[in-house]
Amino acid sequence: MKEPRIQIIPTLVDIEPADWDRLTKGNPTIKHGWLQSLIDSGCTTPATGWLPQFLTITRETGGRQQLTGAVPLYMKGHSYGEYVFDWAWADAYQRAGRDYYPKLVCAVPFTPCAGIRLLAASPDDRDLLIKAMLDVTGDTDVSSLHVLFPTEEEHAALISEGMMSRQAVQFHWQNRDYSSFDDFLSAMNHDKRKKIKQERRQVTNAGVTFERKVGTEITVLDWDFFTDCYKRTYRAHRSTPYLNRAFFGLIGTRMPANLLLVIASKNGIPIAASLNLFSDTTLYGRYWGTQEFVPGLHFETCYYQTLEFCIERHIQIFEGGAQGEHKLARGFTPVTCRSAHMIKDPRFANAVGEFLQRESGGIDRYVDELNEHVPYKNQPA
């Protein structure tokens, strides 16, 4: 058998979407359509501080090169859009007269969803990807390598190669074969069940109705409306939105079967929307925005409507994303996720390692405290 061919490529345009997606295990956040749409829409480019450096492995099979491994790798000039915060590390580098940027990041941009990062057809290809990433880090003028939100199996493989582990907390909802939303509520304690019913009634009494659109049901006007809502949310927080109308239009064309858009209307006029990705097993809550304040509207649009969708479709996990202790009262429970880091400078690596040990103890205590407030009558295992 010929030796595998390892390359770094700046775009996925020459890779067949089916060949790439075959390695993603059905995770829509890392599909060819999602990652290439970020490039084509100008969201992940050198101008935005995201230089794609996709690492690929191909092997000759039947006279053609077949993709057997890939990593969504980026050279970055900042730490925005990652949701694993290393600003303090960059500041320490700067105070020491060193450059923390550029750095290499293996991640799904702007998406704090855990999942497969080392797309590999076999364990051997996975190990080859890890070695290639570490080699690229050592051979290029970067300070470090960061693999964000990998699977537990991938994380263990990365740590076994000398990378450092970091913990974080997310909030996920688990479908325990609920037959309806009321069935889900019946599993919660009285106070939390009462609060959710009050929030839903508040929205209904305000005259707000909802429509859930999937895939090709989402129209051009819907994408225009959602984009406006999305931008308003960032402006309200005095931030610059990462994504644009072109990106939403592209994913609407390239991966419609993975998209759920929840639209809230008042007196027949749309006022809010949330965008979610989903597979057969998992729903990923992503972005939302509103043009009008209605008490409880955020919870209904982003959580309760999507929980109903998961129950109807027998989707097992709803990943609520980073941060947000308010999700605990809506049926989500804390989940520890991890990332892996390699710092080239030995002195900084030692300092970061000591920091991560202290931080890990704090995360464990935080999760224990959160678990004391899980809203179920009988805390799920």
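Above this text sits the structure in question.
Reading the values: rules and limits
Residues numbered from 1 in each chain as written. Predicted model: local features only at pLDDT ≥ 70, side-chain atom pairs only at ≥ 80, totals over all residues. Heavy atoms only, no water. Helix = DSSP H or I, 4+ residues; strand = E, 2+ residues; numbered from the N terminus. Rg over C-alpha atoms; globule rule 2.2 N^0.38 Å. Buried < 20%, exposed > 50% of the residue type's maximum accessible area, 1.4 Å probe, protein only. Axes fitted to C-alpha atoms, helices over the stretch in contact; angles between N-to-C directions. Parallel < 35°, antiparallel > 145°, perpendicular 65-115°, else oblique. Left-handed = near helix turned anticlockwise from the far one by under 90°. Contact = heavy atoms within 4.5 Å. Nonpolar A, V, L, I, M, F, W, Y, C, P; charged D, E, K, R; others polar. Salt bridge = Lys/Arg side-chain N within 4 Å of Asp/Glu carboxyl O. Polar contact = N/O pair within 3.5 Å; in protein donor to acceptor, adjacent residues only side chain to side chain.

1. Points about the overall build of the chain
Move 1: For the chain, the count of helices and strands is 11 helices and 15 strands.
Move 2: In terms of overall size, the chain behaves like a compact globule, its C-alpha atoms giving a radius of gyration of 22 Å where 381 residues would be expected to give roughly 21 Å.
Move 3: When its C-alpha atoms are laid out on the principal axes, the chain stretches across 65 × 45 × 40 Å.
Move 4: Counting over 381 residues, the chain shows a buried share of 55%.

2. Looking at the packing of helix α4 (residues 123–139) against helix α5 (residues 152–160)
Move 1: Relative orientation of the contacting elements α4 and α5 amounts to 50°, with a least axis distance of 11 Å. By the angle between their directions, the pair α4 and α5 is classed as oblique. Handedness of the crossing formed by α4 with α5: right-handed. Contact with α4, carried on its side by R126, I130 and M133, involves E153, A157 and L158 of α5 and no other residues of that element.
Move 2: Partitioned by chemical class, the residues of the contact of α4 with α5 number four nonpolar, no polar and two charged.

3. What about the pattern of salt bridges?
Move 1: Evaluation of the coordinates by the stated rule reveals 23 salt bridges.
Move 2: Note that R200 is salt-bridged to E300, the shortest N-O span being 2.7 Å. In this pair, R200 is assigned in helix α7 (residues 190–205) and E300 in helix α10 (residues 297–313), connecting sequence segments 100 residues apart. The residues R200 and E300 share a single accessibility class, namely buried.
Move 3: Of the charged contacts, one joins K213 and D222 as a salt bridge, the two residues approaching to 2.8 Å between their closest N and O atoms. Taken as a pair, K213 and D222 share a single burial class, namely buried.

4. So, the side chain of H172
Move 1: Along the chain, H172 falls in strand β9 (residues 164–174).
Move 2: H172 sits in the buried class, given a relative accessible area of 11%.
Move 3: A distance of 3.1 Å separates polar atoms of two side chains, one belonging to H172 and the other to Q170.
Move 4: Among residues more than four places away in sequence, those in contact with H172 are I317, F318, E319, G320, F332, T333 and V335.

5. Some words on the side chain of R59
Move 1: Relative to the elements of secondary structure, R59 occurs in strand β3 (residues 54–61).
Move 2: Look at R59 and you get buried, because its relative accessible area is 18%.
Move 3: A distance of 2.6 Å separates a polar atom in the side chain of R59 from a polar atom in the side chain of D125.

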